[in-house]
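Observations on the model geometry
Chain residues, written in single-letter form:
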Amino acid sequence: MIAKEQTGQALAEILAAYKKDRGNLIPLLQEVQANLGYLPREAMQTIADFLEIPQVEVWGVATFYNQFRLVPLGEHHIVVCMGTACHLTGGKLILEALERELDIKAGETTPDGNFSLERVACIGCCMLAPVTVIGEKIYPRMTPFKAEEAIIPYKRGYDEEPEH
Ligand code: FES
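So, how was this worked out
Residues numbered from 1 in each chain as written. Predicted model: local features only at pLDDT ≥ 70, side-chain atom pairs only at ≥ 80, totals over all residues. Heavy atoms only, no water. Domains from an automatic or database assignment. Pairing = 2+ DSSP bridges. Helix = DSSP H or I, 4+ residues; strand = E, 2+ residues; numbered from the N terminus. Axes fitted to C-alpha atoms, helices over the stretch in contact; angles between N-to-C directions. Buried < 20%, exposed > 50% of the residue type's maximum accessible area, 1.4 Å probe, protein only. Parallel < 35°, antiparallel > 145°, perpendicular 65-115°, else oblique. Left-handed = near helix turned anticlockwise from the far one by under 90°. Contact = heavy atoms within 4.5 Å. Nonpolar A, V, L, I, M, F, W, Y, C, P; charged D, E, K, R; others polar. Core = buried A, V, L, I, M, F, W, Y, C linked by side-chain atoms within 4.5 Å. Polar contact = N/O pair within 3.5 Å; in protein donor to acceptor, adjacent residues only side chain to side chain. Expected span 1.5 Å × (residues − 1).

1. A word on the domain arrangement of the protein
We note that the domain assignment places domain 1 (4-64) and domain 2 (76-154) within the protein. Taken over C-alpha atoms, the centre of domain 1 sits 29 Å from the centre of domain 2.

2. Things to note about the sheet that holds strand S3 (residues 132-134)
Read from one edge to the other, the open sheet built from four strands follows the order S2-S1-S3-S4, with strand pairing classed as mixed. The open sheet has two edge strands with one neighbour each: strand S2 (115-120) and strand S4 (137-139). The average undirected angle you get between the axes of adjacent strands in this sheet is 20 degrees. Sheet analysis places strand S1 (residues 76-81) next to S3, joined by three bridges and oriented antiparallel. Of the residues in S3, the one forming a bridge with Ile78 is Ile134.

3. Thoughts on unusual backbone geometry
In this structure, Pro130 follows Ala129 across a cis peptide bond, with omega equal to -5 degrees. By the secondary structure assignment, Pro130 is in the loop between S2 and S3. Phi at Asp103 takes a positive value of approximately 60 degrees, unusual for a residue other than glycine. Within the secondary structure, Asp103 sits in the loop between helix H6 (91-102) and S2. By relative accessible area, Asp103 is classed as exposed at 68%. Its identity as a non-glycine residue notwithstanding, Arg141 has a phi of 40 degrees, on the positive side.

4. Some remarks on the packing of helix H1 (residues 4-16) against helix H3 (residues 41-51)
Between H1 and H3, the shortest axis-to-axis distance is 11 Å and the interhelical angle comes to 30 degrees. One way to sum up the angle between H1 and H3 is to call them roughly parallel. The way H1 lies across H3 gives a crossing that is right-handed. Contact residues: Lys4, Leu11 and Leu15 in H1; Glu42, Ala43, Thr46 and Phe50 in H3. Of the residues in the contact of H1 with H3, the class split is four nonpolar, one polar and two charged.

5. Let's talk about the nonpolar core
Among the nonpolar cores identified, the biggest contains 22 residues, and Leu25, Leu28, Leu29, Val32, Ile47 and Val58 are the most heavily contacted of them. Elements with a minimum of two residues in this core: H1, helix H2 (25-36), H3 and helix H4 (55-64). No other element matches the six residues that H3 contributes to this core. Membership of the second largest hydrophobic core comes to 16 residues, among which are Ile78, Met82, Ala147 and Ile151.

6. Observations concerning the side chain of Thr109
Inspection of the secondary structure puts Thr109 in the loop between H6 and S2. Engagement of the side chain of Thr109 in a polar contact is seen with the side chain of Arg69, the distance being 2.9 Å. For Thr109, the side chain forms a polar contact with the main-chain oxygen of Pro72, separated by 2.7 Å. Leave out the neighbours within four places in its chain, and Thr109 touches Arg69, Val71, Pro72, Leu73, Gly74, Ile104, Phe115 and Ser116.

7. As for H6
Across its 12 residues, H6 extends 16 Å between first and last C-alpha, which sits within 8% of the 16 Å expected from 1.5 Å per residue. Listed in full, the buried residues belonging to H6 are Gly91, Ile94, Leu95, Ala97, Leu98, Glu99 and Leu102. Positive phi appears at Asp103, one or two residues downstream of H6, with a value of about 60 degrees.

So this is what it looks like as structure tokens:
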């Protein structure tokens, strides 16, 4: 979790590079998210104050576009490619299997903060379709079953000795 002071400092640096123009709302949200990984409520308030627009307008834009995240990423971020090649080779089934297994929808983070799930357009390795990425690791030619198996080592307590 990012400390409040770090969030405030990162925000101040970002805002310093922008003019007070409501046309800058989306670029600002994008840059804040690129820096913090998501859009904390206090960041949206700060942006609203900076642009002198109602917070509800910032909230409206942030919730309208599915590129924006309102919750932090999980410790293990899972990306399921839904570009054409991956979609045609079963990307949707992989996403559904992971949504079922993690009990979250794409764009969400598990309540324990261990996993987050995201659907994206082509990630540039269509020859390996369908592709899923967990953290930094690319999983080629994924299937729903392989996806369920792939997340097992990332589950909390996986490596821990069973209690006696
Ligand atoms: S469509 Fe998935 S990597 Fe290109």
